[in-house]
Amino acid sequence: MKVAKWRPYLLITPAIIVFLVFFIQPIFYMIYLSFHDWNFISPDKTFVGLENFKALLSDPMFLQVIRNTLMYTFFTVLFSISIALLMSIWLNRRGWMYSFVQGAVFSPHIISLVSIAMLWMWIMDADYGLLNWILSLVGMDKVPWLTDPNTALASLIIIAVWKNIGYYTLIIIAGLQSIPKHLYEAAALDQTSSFRRFTKITFPMLSPSIFFLTIIGILDSIKVFETISIITKGGPLNSTNTLVYYIYENGFIFFKIGYASAAGVILLVILSIVTLIYFKVLGKRVHYQ
Amino acid sequence: MKTSLPIKILNVIGLIVVVIIFAMPFIWMISTSLKTLGETMIFPPKWLPDELIWENFMEAWNSGPFLQYFINSVIVSVGILMLQFITVIPAAYAFARYEFRCKNILFGLVMVTMMIPAQLIFLPVFLNLSEWRLLDTLWGLILPFATSAFGIFMLRQTFKQVPEELLEAARLDNSSEFKIMMKMMVPMAKPTLITLGLFNFITHWNDYFWPLVMTTTERARTLPVGIAQLRQVDGGVAWNILMAGNVILVIPILITFFFAQRQIIRAFTYTGVK
């Protein structure tokens, strides 16, 4: 049967309009604004060329923001994946006990970041927090987790890893379960050691999952905002100020719209590069069968 | 493979430790929410309060227009959910079942949108909404999420798996295309739709970023934003009240998770497992 030519367009129109209005146009609008100077209140935007970008790149605070963001992203992804890898190999078993543990580990993933942030703020409280109490049990001194510039970013990374691990573990478990059993049977025939089994079969076969998690992890960590906005407000001494929080601060508190947009364009560039790598590699497929 | 008893016991102890690491914070949250302010300021901390102070919940609830926040949260989450079904189902159907000009370009647009996080575009969207006088309204919280690229992508996969013969048969019966979509495809895609619904509902129920940025007064604020502002009630931090507020926010989700664990996990791990 022949369907009217316009029908598919009619079906996709509502969705496409929302995308164009709320996602695509804003990207171009942001790029446009990044070349202008505007304080949101005055009626005119002054064209300033690349001035905003020049100002950004020569601002030591912005460079620190970039460094914070990259450090946060790198360590969050690294620890999330490594711990999840160990956990998934351990928890990849049948039985109510294991599915209960998997559920418990996953639960932080569906909790609002507001609650996670406040809960950890309380747990990491320097004076009355649970974490310092646990440290005191093993004879360690109190750590000013979130209030010391030297430990604040690391504390935020701990919170992020705690939240991520469940999700990462379940993704890797799914990856483990898709590895064909005959590979292990062959290895058993050859009497391969379990370490070699891991490095020669499990790890390579998991590479698509791990690659996926690396990309998702980077995209997710680079846009960290909630925990920073609720717990540290970028402090102390800017030690936890990251890119999205910086854009928010400049746009919404200092009303430097052009400047904030320029920082947004830099975020856009980073996200685009990571996304392009993702699709490029996806095209080639990271796997061994 | 046989494992010896000590190893088994060690394994179980290990599992218990893992559960403690992930569940204890929540137990700690509930315990704190029932303490007096004095009991939160003791070191070493007390595990359980002497007396259960249920009034903390009332105090948290009454320290702001929480009924308003709650209603706003429900309207926003349900509104987004309904609009998404209205826009996602036809779009997914079109991309799965029709050939048309520019299909690849348009689907590419969907994929690109899927990679654009709210944190990238909030500033220009804020400026747009302010121009359209939609700032500080529930529309500003709902409309940008009126469709979902992820939803279209996911549902398209499901629709593609329906055998063409079934559709041909229905067409021979003179069923209209709309009827085929709603009466055949949608019921077949029910698991996907439930997955999608759970994912969206939880995501937007929890969301803090967008409602924080797009609202300036309590008029359109949602529960997470209201809870986050509890700490500004007075100078010091009343952890018992704060935790009570968070228990209110978290408990509905945890209960849902308890009863629909499999579906929720499926919903949130879909992209990675596929």
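Treat the numbers as computed from the prediction; the structure is a model and nothing was measured.

1. Regarding the environment of serine 130 of chain B
Thought 1: Structurally, serine 130 of chain B is set in helix α6 (residues 118-131).
Thought 2: Residue classification places serine 130 of chain B among the partly exposed positions, given a relative accessible area of 22%.
Thought 3: In sequence terms serine 130 of chain B and proline 144 of chain B are 14 residues apart; their C-alpha atoms lie 14 Å from each other.
Thought 4: Ignoring anything within four residues of it in the chain, the contact list for serine 130 of chain B reads Phe40 of chain A together with Leu135 of chain B.

2. A look at the layout of surface pockets
Thought 1: Approximately 1,500 Å³ is the volume attributed to the second largest pocket.
Thought 2: If you trace the second largest pocket, you find 31 residues lining it, with Ile89, Asn92, Arg93, Leu176 and Gln177 of chain A closest to the centre.
Thought 3: Elements with a minimum of two residues in the lining of the second largest pocket: α3 (60-91), α4 (96-106), α7 (152-177), α8 (181-189) and α9 (194-222) of chain A together with α15 (261-273) of chain B.
Thought 4: The dominant element in the lining of the second largest pocket, judged by the number of residues it contributes, is α15 of chain B, at seven residues.

3. Remarks on the domain arrangement of chain B
Thought 1: Split into domains, chain B comes out as domain 1 (5-57) and domain 2 (64-232).
Thought 2: Placing the centre of domain 1 of chain B and that of domain 2 of chain B at their C-alpha centroids yields a distance of 37 Å.

4. Some thoughts on the interface of chain B and chain A
Thought 1: Contact residues are listed per partner, giving 89 residues for chain B and 90 residues for chain A.
Thought 2: Both faces combined, the contact of chain B with chain A buries some 8,100 Å², and carbon together with sulfur accounts for 81% of it.
Thought 3: In terms of surface lost to chain A, no three residues of chain B exceed Phe22, Phe43 and Leu120 of chain B, which account for 9% of the buried area on that side.
Thought 4: One can count zero salt bridges joining chain B with chain A.
Thought 5: Across the contact surface, chain B and chain A share ten residue pairs in polar contact (both at pLDDT 80 or more).
Thought 6: Considering each element in turn, the side of chain B that touches chain A owes the most residues, 14 residues, to helix α1 (residues 5-33) of chain B.
Thought 7: Partitioned by chemical class, the residues of the side of chain B that touches chain A number 67 nonpolar, 17 polar and five charged.

5. Let's talk about the packing of aromatic side chains
Thought 1: Tallied over the full model, the rule gives 47 aromatic pairs over all chains.
Thought 2: With centroids separated by 4.9 Å and ring planes inclined at 55°, the aromatic side chains of phenylalanine 199 of chain B and phenylalanine 268 of chain B adopt a geometry described as tilted. A residue pair is termed long-range when its members are at least 10 positions apart, and phenylalanine 199 of chain B in helix α11 (residues 190-206) and phenylalanine 268 of chain B in helix α15 qualify at 69 residues.
Thought 3: Overall, the relative accessible area of 9% leaves phenylalanine 268 of chain B in the buried class.
Thought 4: Here the aromatic cluster, defined as three or more aromatic residues joined through ring pairs, consists of Trp38, Phe40, Phe225, Tyr245, Tyr248, Phe252 and Phe255 of chain A together with Phe122, Phe126 and Phe209 of chain B.
Thought 5: Lysine 45 of chain A extends its terminal NZ or CZ atom over the ring of tryptophan 38 of chain A, reaching a point 4.4 Å from the ring centre.
Thought 6: We note lysine 256 of chain A situated over the ring of tyrosine 259 of chain A; from NZ or CZ to the ring centre the distance is 4.3 Å.

How each quantity is defined
All residue numbers refer to positions counted from 1 along the written sequence of the respective chain. Key to labels: chains lettered from A, ligands numbered from 1, both in the order written. Per-residue local features are limited, in this predicted model, to residues with pLDDT of at least 70; the limit for side-chain atom pairs, both in listing and counting, is 80 or more; totals at the level of whole chains, interfaces and linings are taken over all residues. Excluding hydrogens and water, the side-chain values take into account all heavy atoms of the structure. Helix and strand labels come from DSSP, where a helix needs a run of H or I of at least four residues and a strand needs a run of E of at least two; each type is numbered from the N terminus. A 1.4 Å probe rolled over the protein chains alone gives each residue an accessible area, and that area as a share of the maximum for its type sets the label: buried under 20%, exposed over 50%, partly exposed in between. Between two residues, a contact is recorded if the distance between any of their heavy atoms is within 4.5 Å. Think of a 1 Å grid over just the protein atoms. A cavity is a set of points where a 1.4 Å probe fits yet cannot get out, a pocket is an open set with protein on both sides within 12 Å along at least five of seven lines, and lining residues have an atom within 4 Å of a point. Grid points are joined across faces, edges and corners, and a volume is the space filled by probe spheres set on the points. Each domain's limits were defined by an automated method or a database of domain assignments. Buried area, as used here, totals the accessible surface that two parts lose on assembly, with accessibility defined by a 1.4 Å probe and the loss added over both. Only one rule defines a salt bridge in this text: a Lys or Arg side-chain nitrogen within 4 Å of an Asp or Glu carboxyl oxygen. Side-chain atoms alone can form a polar contact between residues adjacent in sequence; in general such a contact is a pair of N or O atoms within 3.5 Å, and within protein one must be able to donate a hydrogen while the other accepts it. Residues were grouped as follows: Ala, Val, Leu, Ile, Met, Phe, Trp, Tyr, Cys and Pro as nonpolar; Asp, Glu, Lys and Arg as charged; and all remaining residues, including Gly, as polar. Each pair of aromatic rings taken from Phe, Tyr and Trp, with Trp reduced to its six-membered ring, is defined by centres within 6.5 Å and is described as stacked if the planes are under 30 degrees apart, edge-to-face if over 60, and tilted in the remaining cases. Throughout this description, the term charge over a ring refers to an Arg CZ or Lys NZ atom that lies within 6 Å of the ring centre and within 35 degrees of the ring normal.

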